[in-house]
Amino acid sequence: MIPTAPMSPPGAYPPFPPAPPQGRATPPPPPAPPPILSAPLSSPAVPFSVPPAPPGGRSRMTLVALGVAVLALLVALGSLMAAWRAVDQAADAKQFALAGGSGTAPGATQPLPVSAAPPSDAAPADAAPTDAPVDPGTPSGTGAPPLDERTVYTVKYDSETLTLKTTNCSDQMYADLDEPRANVGSAGADLVLNTSCSGPSFLKLWSGVEGSTSASPGRTPHDCAEAIRTSPLGEAPVPARKGTAICLTTSFEAAQERGDNQRLVLVEITGVADDGAVTIRSRAWNIPR
């Protein structure tokens, strides 16, 4: 039995490890080798993928490709047109050469076509229309000389009195103011008296005569011509009332037929009797031819 050392009180010193047994010492077993962690030589293959392109980039590339295609199409069309034009010009040149050089050369400007002449029965372009308005300064129709401030009048007669009267109502009496003379035929008349069975008598201008009631007994021939131009009477009747004045120009055609001057006449009604007789006083001037 192996003697042991006396025990120390608890808490004084740490206990000594137990002594190995006497005899041959056995070496401690070698430490176990660390475990070898086995790992796979290669990881499983991951499939390769290309990330999708953003939407904006794809649209831009599509537009670029479309533009290139359109440009190529336009270039092809231009080349086709140029080739067609070259063939056409070559054909024209061949035709021109075969014709011996006569005619118009290829590419030259063609002369404008000459319009056909109008038919012989067509009216000339510069012909005046038949219904052209008469010059307002011409008082008596076509061919009459115009009357203006430069017209020189000469007195034909001064203060001649005529009495116009009909036998029955609804009758007429004509007066020629070129002479003057009452109760003439209608062919040489300038003024006519119309009587009525139910109303007052009235005067009217005859064919080819123009006049105006915008007059007064003391008017000059220039005043009368202006009144006829600006305020024509036409075919309106003039009531037979004392004091009424009429400016008129006699028929130009009738004056031409007899080889005489046309007259400018100032007529004044000086009286109207109970039996319907109308008294007029007139003064006339020659209109120069």
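For clarity, every value in this text was computed on a predicted model and none was experimentally measured.

Reading the values: rules and limits
- Residues numbered from 1 in each chain as written.
- Predicted model: local features only at pLDDT ≥ 70, side-chain atom pairs only at ≥ 80, totals over all residues.
- Heavy atoms only, no water.
- Helix = DSSP H or I, 4+ residues; strand = E, 2+ residues; numbered from the N terminus.
- Buried < 20%, exposed > 50% of the residue type's maximum accessible area, 1.4 Å probe, protein only.
- Contact = heavy atoms within 4.5 Å.
- Areas by Shrake-Rupley, 256 points an atom, 1.4 Å probe, with all protein chains shown as cover.
- Pairing = 2+ DSSP bridges.
- Patch = residues over 30% accessible without salt bridge, like charges linked within 9 Å, V, L, I, M, F, W, Y side chains within 5 Å.
- Salt bridge = Lys/Arg side-chain N within 4 Å of Asp/Glu carboxyl O.
- Axes fitted to C-alpha atoms, helices over the stretch in contact; angles between N-to-C directions.

Peer 1: Just to check I follow, could you spell out the overall build of the chain for this structure?
Peer 2: Within the chain, the regular secondary structure consists of 3 helices and 10 strands. Helices (α) and strands (β) of the chain occur, in sequence order from the N terminus, as α-β-β-β-β-β-β-α-β-β-α-β-β. Expressed as a percentage of the 289 residues in the chain, the buried residues total 25%. The long-range fraction of contacts in the chain, counting pairs at least 24 apart against all pairs at least 6 apart in sequence, stands at 53%. As presented, the chain carries roughly 21,000 Å² of accessible surface, and 61% of it is formed by carbon and sulfur atoms.

Peer 1: Explain the sheet that holds strand S7 (residues 238-239) here, please?
Peer 2: Taken in spatial order, the 5 strands line up as S3-S2-S4-S5-S7 in an open sheet, and their pairing is antiparallel. Either end of the sheet is taken by a strand with one partner, and the two such strands are strand S3 (181-184) and S7. Where strand S2 (residues 172-176) and strand S4 (residues 191-194) come together, 4 bridges link them in antiparallel fashion. Residue Tyr 174 lies in a different strand from S4, and its bridge partner there is Val 192.

Peer 1: Quick question: what am I supposed to make of a nonpolar patch on the surface here?
Peer 2: A cluster of nonpolar side chains, Leu 63, Leu 66, Val 70, Leu 73, Leu 74, Leu 77 and Leu 80, forms an exposed patch at the surface whose accessible area comes to about 720 Å². Mapped onto the secondary structure, Leu 73 falls in helix H1 (residues 55-98).

Peer 1: What is the right way to read the sheet that holds strand S8 (residues 245-249) from this model?
Peer 2: Paired through their backbone hydrogen bonds, the strands of a sheet run either parallel or antiparallel. Strand order across the open sheet formed by 5 strands is S1-S10-S9-S8-S6, with antiparallel pairing between neighbours. Each edge of the sheet is formed by a strand with only one pairing partner; in this case those strands are strand S1 (154-164) and strand S6 (210-212). Direction aside, neighbouring strands of the sheet carry axes that sit 20° apart on average. Pairing geometry for S6 and S8, over 3 bridges, is antiparallel. Looking at the pairing, Gly 211 lines up with Leu 248 of S8.

Peer 1: How should the pattern of salt bridges be read in this particular structure?
Peer 2: Pairing between side chains becomes possible if they bear opposite charge and their charged atoms approach one another. Taken as a whole, this structure holds 9 salt bridges when the rule is applied. Among the salt bridges present, the one from Arg 150 reaches Asp 148, with a minimum N-O distance of 3.4 Å. Among the residues examined, Arg 150 registers a relative accessible area of 67% and is labelled exposed. Residue class for Asp 148 comes out partly exposed when judged on its relative accessible area of 27%. Of the charged contacts, one joins Arg 181 and Glu 179 as a salt bridge, the two residues approaching to 3.1 Å between their closest N and O atoms. Taking the relative accessible area as the measure of exposure, Arg 181 reaches 45% and is therefore partly exposed. Of the residues examined, Glu 179 reaches a relative accessible area of 42% and is grouped as partly exposed.

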